[in-house]
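Results of the structural survey
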Amino acid sequence: MTAESLSPPEAAEETEPTPLRMRSVMGTFASGVTVVTGIGPGGAPVGFACQSFASVSLEPALVLFCADHRGRAWPGIRESGRFTVNILAAEQTDLCGRFGSSRGRKYEGLHWELSRWGTPSLPGVLTRVHADVYDVHGAGDHDVVVGRVLALETVADREPMLFFRGGFGVESPAPALPAPDVWGWGDHWG
């Protein structure tokens, strides 16, 4: 194929990457939802909702997540050096809400257990990934955290929670330009 035979790109809106526009455009990428948990200062359990989670490598087994520098949970997890990624099921919106907001009640009234790795395991999730902090890279207002996987735990076989265009699921997505205080976007995860 030559350059002359290529069709011009489809016409599209092109704008500067303002924070609101970034949220809107990046919201068109459906992602799973997790809660990253760990133990903070004084042995207190901490955690935050996180969409930016991915597998990095099979050998060695590595995963990554991104955490906001301004978050309250991430500094404690970083200091302890260990975390668990709890992958949420579709119906776990309450659990997501607990950890997706700085105003959330997190562990209050929640039945959770300490894993053999010393990190909080949340109830009824699809999967748990237990890991040590392997590497941290600063990237803008977030840290890209690479974890070395210690163990994988399959808990349930149900539909996963998906976040798309400011809402849960992809059947009837919210408008492409959500209000700034939509779940997670008005808070500082991590």
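Okay, so let's go over this structure. On a predicted model such as this, the values are computed, not experimentally measured, just so you know.

All right, on to the sheet that holds strand β3 (residues 45–50) then. Hydrogen bonds along the backbone pair up the strands of a sheet, which may run parallel or antiparallel. Ordered in space as β3-β2-β6-β9-β10-β5-β4, the 7 strands form an open sheet in which the pairing is antiparallel. Each of the sheet's edge strands pairs with one partner strand only, and the pair in question is β3 and β4 (53–57). Taken over all neighbouring pairs, the strand axes of this sheet differ in orientation by 35° on average, direction set aside. For β4 and strand β5 (residues 62–68), the ladder comprises 4 bridges, and the chain directions are antiparallel. Among the inter-strand pairings, S55 is bridged to a residue of β5, identified as V63.

Of note, the amide linkage connecting E59 to P60 takes the cis form, showing an omega dihedral of 0°. By the element assignment, P60 lies in the loop between β4 and β5. Positive phi is not limited to glycine here, since K106 has a value of about 45°. Residue classification places K106 among the buried residues on the basis of a relative accessible area of 17%.

A few words on the environment of D135. Its location among the elements puts D135 in strand β9 (residues 127–139). Along the primary structure D135 and V145 are separated by 10 residues, whereas in three dimensions their C-alpha atoms are 6.1 Å apart. Once you skip the residues sitting within four places of it in the chain, D135 turns out to touch V144, V145 and V146.

This part takes up a nonpolar patch on the surface. On the surface, M22, V25 and M26 cluster together into a nonpolar patch covering about 270 Å² of accessible area. Structurally, the position occupied by M26 is in helix α1 (residues 19–26).

The final tally for this structure, using the stated rule, is 8 salt bridges. Here the salt bridges do not stand alone but share partners, grouping D68, R70 and D141 into one network.

The buried fraction of β5 is high, at 5 of 7 residues. Hairpin geometry of β4 and β5 is characterised by an intervening segment of 4 residues between the two adjacent antiparallel strands. Note that β5 and strand β10 (residues 142–154) share 7 bridges and pair antiparallel. Pairing of V63 across the sheet is with G147, part of β10.

So, on to helix α2 (residues 73–80). Among all positions in α2, only A73, W74, G76 and I77 are buried. Viewed along the axis of α2, the buried residues span an arc of 165°, placing them on a single side of the element. Close packing links the buried residues of α2 with β2 (34–39), β3, β5, β6 (82–87), β9 and β10. Phi for G81, located one or two positions after α2, is positive at around 85°.

The next point concerns the nonpolar core. Grouped together as the largest cluster of nonpolar side chains are 16 residues, with contacts concentrated most on V36, F48, F65, W74, I77 and F83. Elements with a minimum of two residues in this core: β3, β5, α2, β6, β9 and β10. Counting 13 residues, the second-largest nonpolar core is a separate cluster that includes V35, A49, C96 and Y107.

A few words on the sheet that holds strand β11 (residues 162–164). In space, the 3 strands of this open sheet follow the order β1-β11-β12, with antiparallel pairing throughout. Edge positions in the open sheet fall to β1 (31–32) and β12 (167–168), since each of these has one partner strand only. With 2 bridges connecting them, β11 and β12 associate as antiparallel partners. By the bridge assignment, F164 is partnered in β12 with G167.

Rules used throughout
- Counting from 1, residues in each chain are numbered in the order their sequence is written.
- Per-residue local features are limited, in this predicted model, to residues with pLDDT of at least 70; the limit for side-chain atom pairs, both in listing and counting, is 80 or more; totals at the level of whole chains, interfaces and linings are taken over all residues.
- Side-chain figures throughout are based on the complete set of non-hydrogen atoms in the structure, without hydrogens or water.
- Note on pairing: two strands pair once DSSP finds at least 2 bridges between them.
- In this description a helix means any DSSP run of H or I spanning at least four residues, a strand means any run of E spanning at least two, and both kinds are numbered starting from the N terminus.
- Note on geometry: axes are C-alpha line fits, over the in-contact stretch for helices, and angles between N-to-C directions span 0 to 180 degrees.
- Burial status follows relative accessibility: with a 1.4 Å probe on protein chains alone, a residue under 20% of its type maximum counts as buried, one over 50% as exposed, and anything between as partly exposed.
- Contact criterion: two residues are considered in contact whenever any of their non-hydrogen atoms come within 4.5 Å of each other.
- Patch membership requires more than 30% relative accessible area and the absence of a salt bridge. Residues of like charge join within 9 Å; the nonpolar side chains Val, Leu, Ile, Met, Phe, Trp and Tyr join within 5 Å.
- Accessibility throughout is a Shrake-Rupley quantity obtained with a 1.4 Å probe, and a residue counts as covered only by protein chains that appear here.
- Should a side-chain nitrogen of Lys or Arg be within 4 Å of a carboxyl oxygen of Asp or Glu, the pair is scored as a salt bridge.
- Within this analysis, the arc is defined by the directions that extend from the helix axis to the C-beta atoms.
- Each nonpolar core is a collection of buried residues, namely Ala, Val, Leu, Ile, Met, Phe, Trp, Tyr and Cys, held together in the definition by side-chain atoms within 4.5 Å.

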